[in-house]
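So the chains spell out like this:
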Amino acid sequence: MGAETNKEITRRLAEEPWRGNMDVIDEHVADDYVGHDPSSPEPLRGPAGVKEFVNTYRTAFRDARITVEEQAAEGDVVATRWTGRGTHEGELMGIPPTGKETTVSGITISHLRNGKVVEEWTNWDTLGMLVQLGAVPEPART
Amino acid sequence: MQPFFEPPHMPCEECGASVAREERDEHVCDQARRLDYVMFRLREEVEAFDQELVDYLHSPQGRFDAWLAERERKRRC
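Residues numbered from 1 in each chain as written. Chains lettered and ligands numbered in written order. Predicted model: local features only at pLDDT ≥ 70, side-chain atom pairs only at ≥ 80, totals over all residues. Heavy atoms only, no water.

Student: So what exactly am I meant to see when it comes to unusual backbone geometry here?
Tutor: As a rule of thumb, non-glycine residues mostly have phi less than zero, and peptide bonds are mostly trans rather than cis. Residues and elements named next belong to chain A. Located in the positive-phi region is Met93, a residue other than glycine, with phi close to 55°. Take Met93: it is sitting in the loop between β4 (77–87) and β5 (101–113). Given the relative accessible area of 44%, Met93 is considered partly exposed. With a phi close to 50°, Asn114 is a non-glycine residue in the positive phi region. Of the residues examined, Asn114 reaches a relative accessible area of 70% and is grouped as exposed. (Helix = DSSP H or I, 4+ residues; strand = E, 2+ residues; numbered from the N terminus. Buried < 20%, exposed > 50% of the residue type's maximum accessible area, 1.4 Å probe, protein only.)

Put into structure tokens, the structure is as follows:
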């Protein structure tokens, strides 16, 4: 697959499940997929692991959306910078719903094989989300 | 001096909208959103009130008060 095709695959995979299209996960996530995410103590495994992850956050943020801001690709590796937004209306990590809207940024490095994503390394502003939700104190200005 | 860590966005205290730090001074709350946010935060209180009202209306005092109110309503018609 070419770099542009790989970018399109990872863009769809980043954005569409949050609009309710879970089929894109079956379409583009390999059975032996492994996903690394700072908010998940164990790696996500396979399409089922990705769906469970998305469902966890969609339960907490029913209007959650991911917007891809920028992508770069080289061979079978794609880097995606994205922004996530959503209103906290369900329990998450023990935090009761706050009604607050949150915005976080993140970067995902995706490895593909034959048009399917086999591994991803994601770093996103988990601490920023916790601060926005009031679960972690906002650092005082000095 | 900037603190070590500061999220670029924070929810507005009044309406809950996610506001970029550099836009905080210009932010104006959408009143519909503000109302939704306040009601969301009061949801447990509202639910508790609903239940308290149901309990009251089924209590002897509540039933009598309802009967009295109905009698007054009919008297005024």
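Additional details are given in the paragraphs that follow.
Student: What am I meant to see in the environment of B:Val19 here?
Tutor: All names here are of chain B. With respect to the helices and strands, Val19 occurs in strand β2 (residues 18–20). Looking at Val19, the relative accessible area reads 10%, which means it is buried. Each C-alpha atom of the pair Val19 and Gly62 lies 46 Å from the other, and the pair is 43 residues apart in sequence. Setting aside residues up to four positions removed in sequence, Val19 forms contacts with Pro8, His9, Met10, Cys12, Arg24 and His27. (Contact = heavy atoms within 4.5 Å.)

Student: Hey, could you run me through the interface of chain B and chain A in this one?
Tutor: Many authors give the size of an interface as the accessible area that is lost as the parts come together. If you look at the interface, chain B gives 19 residues, while chain A gives 20 residues. Note on chain B versus chain A: buried area summed over both sides is about 1700 Å², and carbon and sulfur give 52% of it. Where chain B packs against chain A, one counts one salt bridge. For the pair chain B and chain A, the number of links is five residue pairs in polar contact (both at pLDDT 80 or more). Counting only elements with at least two residues in the side of chain B that touches chain A, the list comes to β1 (9–11) and α1 (31–41) of chain B. (Buried area = accessible area lost by both parts, 1.4 Å probe. Salt bridge = Lys/Arg side-chain N within 4 Å of Asp/Glu carboxyl O. Polar contact = N/O pair within 3.5 Å; in protein donor to acceptor, adjacent residues only side chain to side chain.)

Student: Hey, could you run me through the confidence of the model for chain B in this one?
Tutor: In regions of low pLDDT, the predicted coordinates are not meant to be interpreted in detail. All names here are of chain B. In this model, chain B carries an average pLDDT of 91, and 95% of its residues clear a pLDDT of 70 or more. When mean pLDDT is compared element by element in chain B, β2 scores highest at 96, while helix α3 (residues 60–76) scores lowest at 92. In the model output, the complex is listed with pTM 0.81 alongside ipTM 0.71. (pLDDT = per-residue confidence, 0-100.)

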